[in-house]
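For reference, the chains in residue letters:
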Amino acid sequence: MANIAKKVSWSGRGDDRGERTPLMNGAEEVKYNNRQFSGGSIFHIGRLSTVDLEEEITPEEDFVRSRPKEIPHNEKLLSLKYESLDYDNSENQLFLEEERRMSHMGFGCLEIKRWVICGLIGFLTGLIACCIDIVVENLAGFKYFLVKQNIEKFTEVGGLSISLILWAVLNSAFVMVGAIIVAFIEPVAAGSGIPQIKCYLNGVKVPRVVRLKTLVVKVFGVIFSVAGGLAVGKEGPMIHSGAVVAAGVSQGRSTSLKKDFKMFEYFRRDTEKRDFVSAGAAAGVSAAFGAPVGGVLFSLEEGASFWNQMLTWRIFFASMISSFTLNFFLSIYHKKPGELSSPGLINFGRFDSDIVEYNLYEIPLFIIMGALGGLLGALFNVLNYWLTIFRIRYVHRPCLQVMEAMLVAAVTATVSFAMIYFSNDCQPLGPDHNEEYPLQLFCSDGEYNSMATAFFNTPERSVRSLFHNPPGTYNPVTLGVFTLAYFFLAVWTYGLAVSAGVFIPSLLIGAAWGRLFGILLSFIASSQSIWADPGKYALIGAAAQLGGIVRMTLSLTVIMVEATGNVTYGFPIMLVLMTAKIVGDYFAEGLYDVHIKLQSVPFLHWEAPHTSHWLTAREVMSSPVTCFNQVDKVGTIVDVLSDTSTNHNGFPVVVHSTGDEPGKLCGLILRSQLIVLLKHKVFVERASSRLTQRKLQLKDFRDAYPRFPPIQSIHVSQDERECMMDLTEFMNPTPYTVPQETSLPRVFKLFRALGLRHLVVIDGDNMVVGLVSRKDLARYHLGKHGLEELHLAQT
């Protein structure tokens with residue numbers, strides 16, 4: 001086994017750090033020296049690791065931290081910057097006393113509050129989706145109307161280059177605004193946000209991912225990126241936005257605005273917030289696709305690591321409210337209050353009558369399309385992976401990120417204009433056409449340029465046109481060229497410093513080559529055959545391409561069925577998605593997993609590596625571990641928490657021991673709990689002298705959650721350093737433990753299933769011999785050469 005200490009000392013390992021910009025933007029490896037403490041009231045069976053204790057950072061520090069460092073990316077590193085979330089309740093005396101005092105009616109009231117919160121999450125998420133949709137449609141409509149008028153004007157008199165410049169300038173201007181607010185104000189709002197939410201629900205605290213500022217930047221960022229004509233969609237940012245709404249509403253206060261509404265205080269802990277964030281992510285899916293059931297399954301398949309039956313119903317309720325709210329307000333905006341026909345932001349249109357049924361002999365064709373989608377999806381992910389590596393190494397400053405986004409916007413407009421200009425695919429403009437901005441260009445009177453229908457529109461409308469336009473609307477050359485161009489534009493676009501999703505670009509690429517597949521089949525078959533309908537194959541191709549990129553199966557099947565309103569194609573879509581996943585997984589990981597890996601996040605998958613049974617808890621644990629006695633000296637505790645080489649957020653509590661000998665485990669206490677105790681000066685001497693005004697309650701810990709004060713902000717006098725602190729009442733007396741001979745898969749299963757942050761390793765005499773944290777398990781993974789061990793570093 002590789003000796004990680006050769007790369008980074010064990011003292012550099014830890015479970016948590018202060019909030020920093022993720023490794024996605026690059027960072028600098030820092031080396032620290034060990035610092036050991038001595039004294040009768042503390043001994044070390046544990047390591048002391050590096051930590052950044054500042055929770056509150058100044059604007060200057062925040063600006064500096066948002067700037068990426070100039071370092072090469074190393075995919076063999078696991079970042080120590082990410083904290084773990086406490087998904088396991090600390091059942092100390094305070095917690096148990098509160099739970100025992102609560103009556104049956106009290107627990108019933110809490111359950112009602114959970115439903116109310118889920119309803120609020122759905123309502124606010126739907127409202128945000130409605131605002132995004134209305135603003136995007138108006139901005140994009142204004143841009144396309146302006147450019148269309150300009151093109152029609154200069155088509156007759158010459159000088160179409162002016163139209164090209166106008167289109168490129170408008171695109172770049174919109175994208176510049178979206179990129180500036182992301183790159184300079186809140187970098188974590190870049191991208192779809194799905195990988196970050198997936199990590200959060202897995203138990204990783206991604207810095208600033210569910211803050212109010214992130215939501216504001218996310219909403220405005222996606223508006224300007226979509227209106228700017230980039231190959232992006234609104235669905236991923238909606239999922240992230242729903243999660244942020246859930247994290248805020250469930251706490252009954254805003255730490256960013258420093259406003260406390262004195263409500264929902266019971267839910268101020270990671271365990272409860274996790275469940276509500278799951279509901280928010282599902283509500284985002286429902287708002288984006290009009291798919292409440294698909295939202296629930298998405299949260300289950302892609303997001304949540306922990307689940308229960310009541311949570312399923314609450315999440316479904318939030319999804320239903322979100323979809324209804326969006327439809328209700330959009331119908332009012334369009335002055336059709338009696339019609340709730342639009343299923344979501346992504347309206348594919350109904351497939352009830354305009355698409356033929358499939359035949360059993362088409363199943364092999366669907367499987368072939370699924371395999372093709374898996375191959376193209378793997379190619380997409382590999383190209384985007386290397387492009388992201390390039391960005392980490394070279395496009396690392398906010399100004400460069402903005403310039404790159406503007407360049408992509410200008411290139412997108414140029415490519416679109418060139419393809420429209422050189423296309424001679426003219427189609428008759430019938431009375432029942434559904435093109436929003438039909439462009440004649442060089443076509444005859446009564447005809448429009450078919451290529452312009454694909455490019456001169458929002459991606460959502462382009463997908464709908466490919467699904468529903470009658471046969472003969474597009475010629476094969478147009479679809480082939482469009483597929484090729486849009487594929488590489490989408491690869492280049494995903495990962496820019498803008499708020500953007502990948503669902504719609506993937507669907508658009510797949511719908512284009514899927515429709516081309518159907519047209520080619522109609523050429524092969526007899527001209528009277530109606531089974532090779534291009535709209536049907538556009539739907540199958542869209543599902544295959546999206547499945548090949550994101551590797552979703554069950555949830556995506558239901559999302560597509562709900563969004564199209566036709567359950568007939570449920571089986572073919574599922575078959576296509578499974579084939580795409582199998583083929584794609586053979587060549588590369590899914591896009592979200594790729595970006596999680598690029599950020600060096602300690603993400604725990606569903607199971608431990610298959611070849612890890614030969615490893616035991618003794619070999620993966622961290623040791624030595626810093627422990628406290630049940631009654632320990634205040635000065636000792638302050639020194640441990642203040643030292644910049646310590647990074648633990650959990651400390652085993654042992655019976656009194658002298659010297660460096662291990663002590664018997666009697667509990668576990670968190671760093672956050674110790675900080676609250678020091679802040680309120682819960683000392684033995686003050687209690688005995690009646691200087692303490694009141695007994696500490698759980699409310700004091702909840703009021704400090706989630707941004708606990710830094711240890712540097714707590715003043716402890718020299719006299720107080722000599723006082724003693726009794727941890728018995730506040731520690732968790734029943735932490736989860738494993739013998740040191742336990743196999744890694746068993747440790748992994750226990751750690752992940754229970755959502756643990758720390759797992760104490762003991763010997764036969766209940767003596768503490770080590771501690772297992774998330775990073776101790778995440779650093780083992782299956783590589784090209786079998787089981788590999790990642791290096792841990794302050795990246």
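Higher on the page you've got the structure.
Now for a quick tour of the structure. (Residues numbered from 1 in each chain as written. Predicted model: local features only at pLDDT ≥ 70, side-chain atom pairs only at ≥ 80, totals over all residues. Heavy atoms only, no water.)

1. Some remarks on the overall build of the protein
To keep things clear, this is the line we draw: Only runs of H or I of at least four residues qualify as helices and only runs of E of at least two qualify as strands under DSSP, and these elements are numbered from the N terminus. The buried label goes to any residue with under 20% of its type's maximum accessible area, the exposed label to any with over 50%, and the partly exposed label to all in between, with areas taken from a 1.4 Å probe on protein chains only. Contacts between residues were defined by any pair of non-hydrogen atoms, one from each residue, lying within 4.5 Å. All accessible-area figures derive from a Shrake-Rupley calculation using a 1.4 Å probe, and residue coverage is judged against the displayed protein chains alone.
When you go through the protein residue by residue, the secondary structure sums to 28 helices and 19 strands. Looking at the protein as a whole, 61% of its 795 residues are labelled buried. Across the protein, contacts joining residues at least 24 apart in sequence account for 80% of those joining residues at least 6 apart. About 31000 Å² of surface is accessible on the protein, with carbon and sulfur atoms providing 62% of the total.

2. Things to note about the pattern of salt bridges
Inclusion rule: What counts as a salt bridge is simple: a side-chain nitrogen of Lys or Arg found within 4 Å of a carboxyl oxygen of Asp or Glu.
Applying the stated criterion across every chain yields a total of 26 salt bridges. For Arg757, the salt bridge goes to Asp86, with nearest N and O atoms at 2.7 Å. Taken together, the positions of Arg757 in the loop between helix H27 (744–753) and strand S15 (758–762) and Asp86 in the loop between strand S3 (83–84) and helix H2 (93–101) put the pair 671 residues apart, joining distant regions of the chain. For the pair formed by Arg757 and Asp86, the shared burial category is buried. Connected through shared salt-bridge partners, Glu111, Arg114, Arg269, Glu272 and Arg314 make up one network.

3. Some words on unusual backbone geometry
Geometrically, the link from Ser623 to Pro624 is a cis peptide bond, its omega value of 0° lying close to zero. With omega at 0°, the peptide bond leading from Tyr705 into Pro706 counts as cis. You can see Pro706 is positioned in the loop between helix H25 (698–704) and helix H26 (718–721). A positive phi angle, near 65°, is found at Arg208, a position not held by glycine. Within the secondary structure, Arg208 sits in the loop between strand S4 (204–205) and helix H6 (212–227). Residue Arg208 is classed as buried on the basis of its relative accessible area, which comes to 6%.

4. Side note on helix H15 (residues 476–493)
The α-helix winds at 3.6 residues per turn, so residues separated by three or four positions along the chain end up facing the same way. What counts, and what does not: Here, expected helix span is obtained from the residue count minus one, scaled by 1.5 Å. Whenever two N or O atoms come within 3.5 Å, that pair is a polar contact, provided that in protein one can donate a hydrogen and the other can accept it, and provided that, for residues adjacent in sequence, both atoms are side-chain atoms.
Here H15 is 18 residues long and its end C-alpha atoms lie 25 Å apart, about the 26 Å a rise of 1.5 Å per residue gives. The set of residues buried in H15 consists of Thr478, Leu479, Phe482, Thr483, Ala485, Tyr486, Phe487, Leu489, Ala490, Val491 and Thr493. On its buried side, H15 packs onto helix H11 (363–393), helix H12 (398–422), helix H13 (450–455), helix H14 (459–468), helix H16 (503–524) and helix H17 (534–550). N-cap assignment for H15: the residue whose side-chain oxygen lies 3.2 Å from the backbone N of Val477 is Asn475. Immediately beyond the C-terminal end of H15, within one or two residues, lies Gly495, with a positive phi of roughly 110°.

5. A closer look at a nonpolar patch on the surface
Put simply, the rule is: A patch consists of residues whose relative accessible area exceeds 30% and which take part in no salt bridge; residues with like charges are grouped when within 9 Å of each other, and nonpolar side chains (Val, Leu, Ile, Met, Phe, Trp, Tyr) when within 5 Å.
Residues Met176, Val177, Ile180, Phe184 and Ile185 make up a contiguous nonpolar surface patch of roughly 350 Å² in combined accessible area. In this structure, Phe184 sits in helix H4 (residues 160–185).

6. Re the packing of aromatic side chains
What counts is decided by this rule: Aromatic rings from Phe, Tyr and Trp, taking only the six-membered ring of Trp, are treated as a pair when their centres fall within 6.5 Å; an angle between ring planes under 30 degrees marks them as stacked, one over 60 as edge-to-face, and anything in between as tilted.
Under the defined criterion, the tally for this structure stands at 25 aromatic pairs. On the numbers, 6.2 Å between centres and 20° between planes, the contact of Phe417 with Tyr421 is stacked. One end of the pair, Phe417, and the other, Tyr421, are both in helix H12, four residues apart, so they sit about a helical turn from each other. Note on Phe417: relative accessible area 10%, which makes it buried. Aromatic pair Phe628 and Phe651: ring centres 5.0 Å apart, planes at 50°, arrangement tilted. Of the two residues, Phe628 is situated in strand S9 (residues 625–629) and Phe651 in strand S11 (residues 650–654); the sequence distance between them amounts to 23 residues.

7. Overview of the nonpolar core
Basically, it comes down to this: As used in this record, nonpolar core signifies buried Ala, Val, Leu, Ile, Met, Phe, Trp, Tyr and Cys residues forming a set joined through side-chain atoms within 4.5 Å.
Grouped together as the largest cluster of nonpolar side chains are 149 residues, with contacts concentrated most on Ile420, Phe482 and Phe503. With 15 residues, the top contributor of residues to this core is helix H3 (residues 104–157). Apart from residues lying up to four places away in sequence, Ile420 is in contact with Trp167, Leu439, Leu441, Asn449, Met451, Ala452, Phe455 and Phe456. Among the nonpolar cores identified, the runner-up in size contains 33 residues, and Val634, Leu678, Leu698 and Ala704 belong to it.

8. Some thoughts on the packing of helix H5 (residues 194–202) against helix H8 (residues 270–289)
Our working definition: Helix axes are fitted to C-alpha atoms over the stretch in contact, other axes to C-alpha atoms as well, and angles between N-to-C directions run from 0 to 180 degrees. For this classification, under 35 degrees means roughly parallel, over 145 means roughly antiparallel, 65 to 115 means roughly perpendicular, and everything else is oblique. Crossing chirality is assigned from the near helix's rotation relative to the far helix, an anticlockwise turn below a right angle marking it left-handed and a clockwise turn marking it right-handed. Amino acids are sorted into nonpolar (Ala, Val, Leu, Ile, Met, Phe, Trp, Tyr, Cys and Pro), charged (Asp, Glu, Lys and Arg) and polar (every other residue, Gly among them).
At a minimum axis separation of 10 Å, H5 and H8 run at an interaxial angle of 150°. Here H5 lies roughly antiparallel to H8, going by the angle between them. Considering how the two elements wind past one another, H5 and H8 form a crossing that is left-handed. On H8, the residues touching Ile197, Tyr200 and Leu201 of H5 are Lys273, Arg274, Val277, Ser278 and Ala281. Grouping the amino acids of the contact of H5 with H8 by side-chain chemistry returns five nonpolar, one polar and two charged.

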